[in-house]
Amino acid sequence: METRSEIVTREDLLLFINACFAATAQREFYDAPADAKSLHQDTLAFLHRYVCGNYRTFYARTLACGINDFAKTRIVQTLLATGQETTPAFRREENALLRAATRSLPPQRAYKLFAALRKANINNRRARAVVRDYLAARPDATFDAVKYRSKVRAAATHAHLRLPGEMGAFLWGDHAKVRFQTPLFETFRQARYAKEAVFRLPYTVAEGLAAKHGISRATFLTGIAPNMTQTERERLLRSSADAGVALVTDLARMPLTRLTLYVLGLSLTERETRRDELETALRGAARRAFRQAPLALPPAGTIAAVLDDSYSASGSEEKRRRPLAIALGVHYLLREAVPERYKPFWSNGTASGNPLFVVARGATDLATPLVHALETHPVLVLIVSDGYENDPPGAVHALVRVWRERLDPAAHTAFVHANPVFAADEYAPRPLSPLIAALGVRDAETLAVPLAFARFVGTNEFAALDDFLRDRAEAFTGGNGR
Amino acid sequence: MKQDTFAGQILPGFNLNGVQIGAPQVCGAIRLVPLLREPTGVSGDLRLALRRYDEPVSQVAVSEQLAYYAYIPHAMVIRYNTDDTPVAAWGGQMERSPDGKRQDFGFRSVRLLERMAKREDKNQVRLLPLHLAMEGFLALYFGGPEIAWEEYSNQVRRTGFSPRSESVAWGSEIDGLAEALRVFEIARNQCGVLLFVADTLASVFLLPHPDDYRAMHETLLQDFYGDLIAQYALMYGTVAHAVAVPDASTVQTVADLRTFAAGLRADWSKYGKTLAAGLLESRPLRTQTVREMGPFRLSRFLTDLDLSGENHLGEAVTRTATGETLYAKSFRLSASQTKRAFFLQQLAAADWELDRAAANLNMERHDLVLRIEKAGFSYLFTPQVRAAARKARGMRGDAPLT
């Protein structure tokens, strides 16, 4: 039996974890343009301070829960800023979590975090140790020094680090005065005046230098293609085609949500022309995602998905079409996970019935697809929607209530609401109904993680949540915390 | 001179046959209720298109001697077929139609348009939205008293009520309307919208076809509304949160769920209708036909000027045979605007005889003079009449009316 404080703790934690999945401080569809940024920043600042101050242990263990990178950097920064509040018993685990978390961030975010530490004037022994360990653990430190030069320099300065080899001379020295032994440093030094050296540098560094040398975009892209990372290649697919360069990229290697975003960015005619290619790529990505993060689905019975493709799923300028992309990704994921038992129900759907041609249009009508889903007597109903229902409003709540009370008192059907959009004025992803667990989702391929939290919502299993977080933290740090 | 500009047919109410009222979407103080038509109910033989003008200011020549300047960012073009076949889709030629002349003043150019509803082609009429209705309102008894009773001032006896002015608020002045229109999700069969500000009906906007509505949804921001509406938008930040409470006892089996969901929609539809009762309830509408267009009729309408309730003004295109409304746009009159029209109507009904009008209203003559003056028509009466009315009520002869 949970005590009152345990109930409150559990609810607060679940609220915070949902916010960490869904919130990125970017404007959403229903945010008014003027005050969106400050509203999100204020809300998230409050949430982080609140949870850090009241539940520090859980706050640190949240790092292990597969939350998005924005939340991870925030948590690391807050923990480093409030280091004196750590209890001595937890200190080792917290340090291990910090180390593992920074290592799991993409490098540009990690360096940006260190720059934020400098800006916030956080410079204690632990912060310096985190920066030192991060740089020491980098697989290729010279590559980082070239690609993220200014950031590495800022981090090293702030943390008073002594860097090995020629890195010190490279970052702070005068390049005109010394010739480097390390090949990459030497290439960088030569690229200032020699055109062919530019093509041996990483893409982001070479781009600015190419503009300086006046190399045409087409020549540049063709030459630099081998040095681009997979993500950069995907990002430049469209603009390089405009410049007349066909970048070869394997769509099948793209992660699921990034692939659905790409597909939704294509016009309908283009999707029709490349239909088979896109289908195979999407199914391959879904299969890969399902293998890496298996969903804990009920073993038998129909699994119905109610997917929202209304106009609000078109997101905002900063997050274009993201809610729709996540819905499409979840569709493909479930189709590959449980092909014979899965039934999709879109709120508008396409005339042809093929979700590849879905477009964010129309009012949010979740009542019709939900009724059709319930008629198949499913064992799980997964609703992917931003929570703003208006055709008619409150229909999901009314239908679920009537289903639970009159047609399914034994609760054979479970309802889960996956919400990719963070409503800043509600401090959480907007729920459709108090009877349905609303979970923030970061993207389609990590759906398994929020689903794992679904079973703690509305139940009184605080101890189970505690154990769950402890296990996740231990797995994340590789047992180093004990 | 035809004095009563709404002297045509009196309809028993606003005809919404064939139109269903959908569930509202709320953003701040603005509630937008979609008006839907079933695909089978859309005949397509009358369509409206948007024509944008590069010059925002236009001069409209209403008659030989009368013209006015206005901010007209766009006009609507009505195209219709007389033989029940759907109107063909139109492409870019809409933008190129020469519609009036352009006059360039150097710092600004002005478009010269003729008439508010101008026939351009055999089956095509160009319409300046709401101008028809507003012109009808301003021209109501514009000529002034037909009999030169001595109570009336020289000015009015000679030139009538000129100048007659009313104020309106532009859509861009309505706080929150731009945001509400931006986040509004246009429903599948949506052909129109009821715009509520602080839960009062600001405007009805109905079009014949869903594609027409999609094209014109954003123009709601460039139209004009009653200035009462702008005040309400500033005064109220949110509207009452409405929740449908359905009756769950009707659901016995899974098959009943569909009827249950349909019942929810019906509840919201009824709610929308109740909110718009000021216009949509059975209230006599005074109409005036402006133009007959084959099987269709373009007319303007005015509610019966009930001083204690809402009053609306507007224009509509109806199918003459059935009375079905294809296009409609309305404007909410404020209380003072209603009062002005009401008093004009009462005076005209009494043949402009002041004592008779006062008797019809169960008022003293002096009270009527003071009330008409307060409504904004102080220039109607001679100074002697106004001073006598004040003295009779214990005020000084030149006291201001508060």
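Residues numbered from 1 in each chain as written. Chains lettered and ligands numbered in written order. Predicted model: local features only at pLDDT ≥ 70, side-chain atom pairs only at ≥ 80, totals over all residues. Heavy atoms only, no water.

Student: Provide a residue-level description of unusual backbone geometry, including the pertinent values.
Tutor: Leave glycine aside and you will find that most residues have negative phi; peptide bonds, for their part, are mostly trans. Look at the link from A:Asp391 to A:Pro392: it is a cis peptide, with omega at -5°. With a phi close to 60°, A:Arg321 is a non-glycine residue in the positive phi region. Counting through the fold element by element, A:Arg321 comes out in the loop between strand S1 (303–307) and helix H20 (322–337). The exposure class assigned to A:Arg321 is partly exposed, which follows from its relative accessible area of 29%. Backbone geometry places B:Leu305, a non-glycine residue, at a positive phi of 55°. A residue is classified by how much of its surface remains accessible, and B:Leu305, at 2% relative accessible area, is buried. (Helix = DSSP H or I, 4+ residues; strand = E, 2+ residues; numbered from the N terminus. Buried < 20%, exposed > 50% of the residue type's maximum accessible area, 1.4 Å probe, protein only.)

Student: Residues and numbers for the environment of B:Pro34, please.
Tutor: Residues and elements named next belong to chain B. Residue placement: Pro34 occurs in strand S4 (residues 30–36). Between the alpha carbons of Pro34 and Gln20 there is a distance of 8.5 Å; along the sequence they are 14 residues apart. Each residue touching Pro34, except ones within four places of it in the same chain, is listed here: Gln20, Ile21, Gly22, Ala23, Pro24, Phe184, Gln190, Gly192 and Val193. (Contact = heavy atoms within 4.5 Å.)

Student: Could you give an account of the nonpolar core, naming the residues involved and the relevant values?
Tutor: Residues and elements named next belong to chain A. Phe114 and Phe453 are the most contacted members of the largest nonpolar core, which totals 89 residues. Take this core: its biggest share by element is 8 residues, from helix H1 (residues 4–22). Look past the residues within four positions of Phe114 in its chain and what remains in contact with it is Val130, Val131, Tyr134 and Ala155. In terms of nonpolar packing, the next biggest core, distinct from the first, is built from 50 residues, Val263, Ala286, Ala327 and Phe357 among them. (Core = buried A, V, L, I, M, F, W, Y, C linked by side-chain atoms within 4.5 Å.)

Student: I'd like a description of the side chain of A:Glu94, backed by residues and values.
Tutor: Residue and element names in this part refer to chain A. The topology assignment puts Glu94 in helix H5 (residues 91–104). The class of Glu94 is buried, set by a relative accessible area of 0%. In terms of polar contacts, Glu94 uses its side chain to reach the side chain of Arg56, at 3.1 Å. Residue contacts for Glu94: discarding those within four places in its chain leaves Arg56, Ala60, Leu79, Thr86 and Arg126. (Polar contact = N/O pair within 3.5 Å; in protein donor to acceptor, adjacent residues only side chain to side chain.)

Student: Tell me about the confidence of the model for chain B, residues and numbers included.
Tutor: Mean pLDDT for chain B: 87, with 97% of residues reaching 70 or above. For this predicted complex, the interface confidence score (ipTM) comes to 0.86, while the overall pTM stands at 0.90. (pLDDT = per-residue confidence, 0-100.)

Student: Now, about the pairing of strand S9 (residues 101–104) of chain B: what can you tell me, with residues and values included?
Tutor: Within a regular strand, the side chains alternate between the two sheet faces. Here S9(B) pairs with strand S10 (residues 109–114) of chain B via 4 bridges, running antiparallel. Counted as the bridge partner of B:Asp104 is B:Ser109 from S10(B). (Pairing = 2+ DSSP bridges.)

Student: Give me the packing of aromatic side chains: which residues, what numbers.
Tutor: All names here are of chain A. All chains considered together, the criterion is met by 38 aromatic pairs over all chains. Ring geometry for Phe170 and Phe188: centres 5.3 Å apart, planes at 75°, overall edge-to-face. On the criterion of sequence distance, the pair formed by Phe170 in helix H10 (residues 167–172) and Phe188 in helix H11 (residues 183–191) is long-range, its members being 18 residues apart. By the burial criterion, Phe170 is buried, and Phe188 matches it. Centroid distance Phe456 to Phe468: 5.4 Å. Interplanar angle 55°. Geometry classified as tilted. (Phe/Tyr/Trp six-rings, centres within 6.5 Å; stacked < 30°, edge-to-face > 60°.)

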